[in-house]
There are 2 protein chains.
Amino acid sequence: MYSSTMRRAITIDPTPGRTAAHCQECGARHIGICDALSDEDLGFLSRAAQRVTVAAGRTFVEEAEPAGYFYNINAGTVRVFKTLPDGRRHITGFLGVGQFLGLDFGGNYAFSAAAMGDVALCRFHRPRLLEVFAEFPALERRLLNIASHELTAAHEQMLLLGRKTARERLASFIIGWAARAQSCQSATMLVPNARLTLPMSRVDLADYLGLTIETVSRSLNLFKKQGLLRLASVSELVLLQPQLLAEIAAGIA
Amino acid sequence: MYSSTMRRAITIDPTPGRTAAHCQECGARHIGICDALSDEDLGFLSRAAQRVTVAAGRTFVEEAEPAGYFYNINAGTVRVFKTLPDGRRHITGFLGVGQFLGLDFGGNYAFSAAAMGDVALCRFHRPRLLEVFAEFPALERRLLNIASHELTAAHEQMLLLGRKTARERLASFIIGWAARAQSCQSATMLVPNARLTLPMSRVDLADYLGLTIETVSRSLNLFKKQGLLRLASVSELVLLQPQLLAEIAAGIA
DNA sequence: CGGGACTTTGAGCTTTCTCAACGATGGTGG
DNA sequence: CCACCATCGTTGAGAAAGCTCAAAGTCCCG
């Protein structure tokens, strides 16, 4: 089922020498925490990092295991999730390039993380990262800023999970994902008829929205029937009425 | 309905002189962010603060309004919540002494906040707070630590809202609240037969757990019938079987 | 002692879940 | 290149958890 390379969960880049070049080519250079540093300062951060790649599908962080590393995503998408003993799963987020995980410096990870496609990351040993923080307060400030925003996003997701209907949840997700894809701040700026790729399966979607795959499928096809969107393929959709979708997401329509 | 003092949402302490004394008497002195500073350094932070009191029931932060202040709670309990246009409400947290709100330095508040009883707070103008950060990096570090933990807690709450049953949600809340009251780390250390006060109404509980008041009431009385707890009064309960409750909360039983 | 707000309990209903079958899609080997 | 198979998604029918609406009970506070 797995090839020999897929068996290896994590591959560590063996060339720590060309670090500066790495960062210049990196897709995350001007996003997230790296963006807080100048090219020269980034060299210091870079030397504290191990560059690792994770094969598609592999879980590289296991909930409840000792939290040894802080990760920053260089390429690919990561699924972060928690599970209950009987197997029920909840996905807390889909992280993309420039986003990080493992911020909580508690003793053990409070979540699991898996690569959705092939993923490249910078990995930092915690004590090493603290050294870098001491050297560059700007990093810590940036981290606090991002964490604050994530906290706000988490509260928004709680509202979704606690009080929104299935259709509202799906509409919220679609609008949010589209905004992220078009990197626009507000849902009102969304371009209609733009093609939107959903890299996650219906199972993932359901586990993210607190629903079942059947309800996700039904809601999605209801939107289709109502002419709000078109399903170009099973994982690609075209927003015909982003405005209306946004209203459903907000609980207005 | 309201007395003249209740009408005033926020009362500002007019004596900014005795700041050092204030902090020594403050219940939050050795919790949260204040605990990160020495007595002398705290004087600096204290001089940046306005001490305010909020009458029971008053909403002192309104969602979507310009985010001018950062608050730290000195006494009382604060309900933090978000609402949908049609009135549906979700409570994201009950904050107590030493906890803060208003961390997200975005343009507008993403939540509302109301005093559950009479509340005393330290209020910081944002630009002023940033000055303090520049002076005391330890503060910022502490803030990052706390924010990280809150993020972890938020993810746990998402699991609750997305995947737990009504009984599991209520059990989770009770166990968590008891642990907070007894200030113990793990639910396994909970003292049985301890009296636990719930300062919030069933409506609050429902809006926190993503349920209705009826379901909260039914679940609670089911626990009572099963001998897991006793209702000393409507807002005070005695945990007879904290172990079992913890198992229900974890999704095992 | 009375009134208002909150809580509990009951009965019926709705949304979503569960279980099951069918259909589409994409990769693989003949 | 096509047929096959595994996986994933869709659709349908029935069940159930939790919601809604309604009424009765309780508690606090004046």
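Please refer to the structure placed before this passage.
Residues numbered from 1 in each chain as written. Chains lettered and ligands numbered in written order. Predicted model: local features only at pLDDT ≥ 70, side-chain atom pairs only at ≥ 80, totals over all residues. Heavy atoms only, no water.

*Asks:* Mind showing me how you'd approach the protein's contact with DNA strand C here?
*Replies:* Around DNA strand C, the structure places 15 residues, and the nearest of them are Glu-214 and Thr-215 of chain A together with Arg-202, Ser-217 and Arg-218 of chain B. Within 4 Å of the protein, atoms of DNA strand C come from sugar and phosphate in 62% of cases. Thr-215 of chain A is positioned with one of its side-chain polar atoms (N or O) 2.5 Å from a phosphate oxygen of DNA strand C. Side-chain polar atom of Asn-221 of chain B to a phosphate oxygen of DNA strand C: 3.4 Å apart, as the coordinates give it. Elements with a contribution of two residues or more to the surface near DNA strand C: α8 (213–225) of chain A together with α8 (213–225) of chain B. The element contributing the most residues to the surface near DNA strand C is α8 of chain B, with 4 residues. A per-class count over the surface near DNA strand C returns 3 nonpolar, 7 polar and 5 charged. (Near = heavy atom within 4 Å. Polar contact = N/O pair within 3.5 Å; in protein donor to acceptor, adjacent residues only side chain to side chain. Helix = DSSP H or I, 4+ residues; strand = E, 2+ residues; numbered from the N terminus. Nonpolar A, V, L, I, M, F, W, Y, C, P; charged D, E, K, R; others polar.)

*Asks:* Before we go on, may I ask you to explain the protein's contact with DNA strand D in this structure?
*Replies:* Around DNA strand D, 15 residues are found, and the nearest of them are Arg-202 and Ser-217 of chain A together with Ala-166, Glu-214 and Thr-215 of chain B. When atoms of DNA strand D within 4 Å of the protein are sorted by moiety, sugar and phosphate together comprise 68%. The side chain of Arg-202 of chain A places a nitrogen or oxygen atom 2.8 Å from a phosphate oxygen of DNA strand D. Within the side chain of Thr-215 of chain B, one N or O atom sits 2.5 Å away from a phosphate oxygen of DNA strand D. Those elements giving two or more residues to the surface near DNA strand D turn out to be α8 of chain A together with α8 of chain B. A total of 4 residues in the surface near DNA strand D trace back to one element, the largest contributor, which is α8 of chain A. Residues belonging to the surface near DNA strand D are distributed by class as follows: 3 nonpolar, 7 polar and 5 charged.

*Asks:* Explain the sheet that holds strand β11 (residues 229–233) of chain A to me, please; I cannot follow it from the model alone.
*Replies:* Consider a sheet: its strands pair through backbone hydrogen bonds, and that pairing is either parallel or antiparallel. All names here are of chain A. Taken together, the 3 strands give an open sheet; going across it, the order is β10-β12-β11, and neighbouring strands pair in antiparallel fashion. The open sheet has two edge strands with one neighbour each: β10 (195–197) and β11. Strand after strand, the sheet turns through a mean of 30° between neighbouring axes, direction not considered. Sheet topology places β11 next to strand β12 (residues 236–239); 4 bridges connect them, and they run antiparallel. Paired with Arg-230 across the bridge in β12 is Val-238. (Pairing = 2+ DSSP bridges. Axes fitted to C-alpha atoms, helices over the stretch in contact; angles between N-to-C directions.)

*Asks:* Even after reading the chapter, I still don't get the packing of helix α6 (residues 166–181) of chain B against helix α9 (residues 242–250) of chain B, so can you show me in this structure?
*Replies:* All names here are of chain B. At a minimum axis distance of 7 Å, the contact between α6 and α9 shows a crossing angle of 125°. For the element pair α6 / α9, the angle class is oblique. When the axes of α6 and α9 are compared, the crossing they make is left-handed. Across from Arg-167, Glu-168, Ala-171, Ser-172, Ile-174 and Ile-175 in α6, the residues of α9 making contact are Pro-242, Leu-245, Ala-246, Ile-248 and Ala-249. Within the contact of α6 with α9, the residues separate by chemical class into 8 nonpolar, 1 polar and 2 charged. (Parallel < 35°, antiparallel > 145°, perpendicular 65-115°, else oblique. Left-handed = near helix turned anticlockwise from the far one by under 90°. Contact = heavy atoms within 4.5 Å.)

*Asks:* How do you make sense of the sheet that holds strand β12 (residues 236–239) of chain B when you look at a structure like this?
*Replies:* Residues and elements named next belong to chain B. Within the open sheet, the 3 strands sit side by side as β10-β12-β11. Their pairing is antiparallel. Each of the sheet's edge strands pairs with one partner strand only, and the pair in question is β10 (195–197) and β11 (229–233). With strand direction ignored, the average angle separating the axes of adjacent strands in the sheet is 30°. Relative to the sheet, α8 contacts β11 and β12, its axis offset from that of β11 by approximately 115°.

*Asks:* Even after reading the chapter, I still don't get the nonpolar core, so can you show me in this structure?
*Replies:* The nonpolar side chains of a soluble globular protein tend to be buried with one another. Core analysis: the largest hydrophobic core is formed by 78 residues, its most contacted members being Phe-173 and Ile-174 of chain A together with Phe-173 and Ile-174 of chain B. In this structure Ile-174 of chain A touches Leu-196, Leu-220, Phe-223, Leu-229, Leu-237, Leu-239 and Leu-245 of chain A, once residues within four positions along its chain are discounted. Among the nonpolar cores identified, the runner-up in size contains 43 residues, and Leu-103, Cys-122 and Phe-136 of chain A together with Leu-143 of chain B belong to it. (Core = buried A, V, L, I, M, F, W, Y, C linked by side-chain atoms within 4.5 Å. Buried < 20%, exposed > 50% of the residue type's maximum accessible area, 1.4 Å probe, protein only.)

*Asks:* Even after reading the chapter, I still don't get unusual backbone geometry, so can you show me in this structure?
*Replies:* Excluding glycine, residues mostly have negative phi values, and the peptide bonds linking residues are mostly trans. You will see that Ala-64 of chain A, though not glycine, has its phi angle at about 80°, which is positive. What makes Ala-64 of chain A exposed here is its relative accessible area of 54%. Here the phi dihedral of Asn-193 of chain B falls at roughly 65°; this positive angle occurs in a residue that is not glycine. For Asn-193 of chain B, the position within the fold is in the loop between α6 and β10.

*Asks:* Got a minute to help me understand the packing of aromatic side chains in this structure?
*Replies:* Here the distance between the centres and the angle between the planes together describe a pair of aromatic rings. Residues and elements named next belong to chain A. Evaluation of the coordinates by the stated rule reveals 22 aromatic pairs over all chains. An angle of 25° between the planes, with centres 5.7 Å apart, marks the rings of Phe-173 and Trp-177 as stacked. A residue pair is termed a helical-turn pair when its members lie 3 or 4 positions apart in one helix, as Phe-173 and Trp-177 do in helix α6 (residues 166–181) at 4 residues. Both residues of the pair, Phe-173 and Trp-177, belong to the buried class. (Phe/Tyr/Trp six-rings, centres within 6.5 Å; stacked < 30°, edge-to-face > 60°.)

*Asks:* How do you make sense of helix α3 (residues 39–47) of chain A when you look at a structure like this?
*Replies:* Three or four residues apart is the spacing at which side chains of an α-helix point the same way, because the helix has 3.6 residues per turn. Residues and elements named next belong to chain A. Of the positions making up α3, those classed as buried are Leu-42, Gly-43, Leu-45 and Ser-46. Buried residues of α3, viewed axially, fall in a sector of 165°; they line one side. Turned more than 90 degrees away from the buried face of α3, the exposed residues are Glu-40 and Arg-47. (Arc of directions from axis to C-beta.)

*Asks:* Just to check I follow, could you spell out the relation of the copies chain A and chain B for this structure?
*Replies:* Once turned by 180° and shifted 0.0 Å along the axis, chain A lies on chain B with an RMSD of 0.0 Å. Taken together, these values place the two copies in the relation of a two-fold axis. The overlap is high: 100% of the interface residues of chain A also sit at the interface in chain B, so the same surface is used on both sides. (Least-squares fit on C-alpha atoms with pLDDT ≥ 70 in both.)

*Asks:* Before we go on, may I ask you to explain the pairing of strand β4 (residues 69–75) of chain B in this structure?
*Replies:* Each regular strand shows side chains that alternate between the opposite faces of the sheet. All names here are of chain B. Counting buried residues along β4, 6 of its 7 residues qualify, which places the element largely inside the surrounding structure. By the bridge criterion, 6 bridges tie β4 to strand β9 (residues 119–125) in an arrangement that is antiparallel. Among the inter-strand pairings, Ile-73 is bridged to a residue of β9, identified as Leu-121. Here β4 pairs with strand β7 (residues 100–101) via 2 bridges, running antiparallel.

*Asks:* Looking at this structure, I do not really get the pattern of salt bridges. What am I missing?
*Replies:* It is possible for side chains of opposite charge to pair when their charged atoms get near one another. Overall, the coordinates contain 26 salt bridges over all chains when judged by the stated rule. Among the ionic pairs, Arg-128 of chain A bridges to Glu-131 of chain A, the shortest N-O distance being 3.4 Å. Of the two residues, Arg-128 of chain A and Glu-131 of chain A both sit in helix α4 (residues 126–135), 3 residues apart, roughly one turn of that helix. Of the charged contacts, one joins Asp-39 of chain B and Arg-29 of chain B as a salt bridge, the two residues approaching to 2.7 Å between their closest N and O atoms. Placement of Asp-39 of chain B in helix α3 (residues 39–47) and of Arg-29 of chain B in the loop between α2 (19–25) and α3 is noted, with a sequence separation of 10 residues between them. Shared partners join several salt bridges into a network, and the residues in it are Arg-79, Arg-89, Asp-204 and Asp-207 of chain A together with Arg-163 of chain B. (Salt bridge = Lys/Arg side-chain N within 4 Å of Asp/Glu carboxyl O.)

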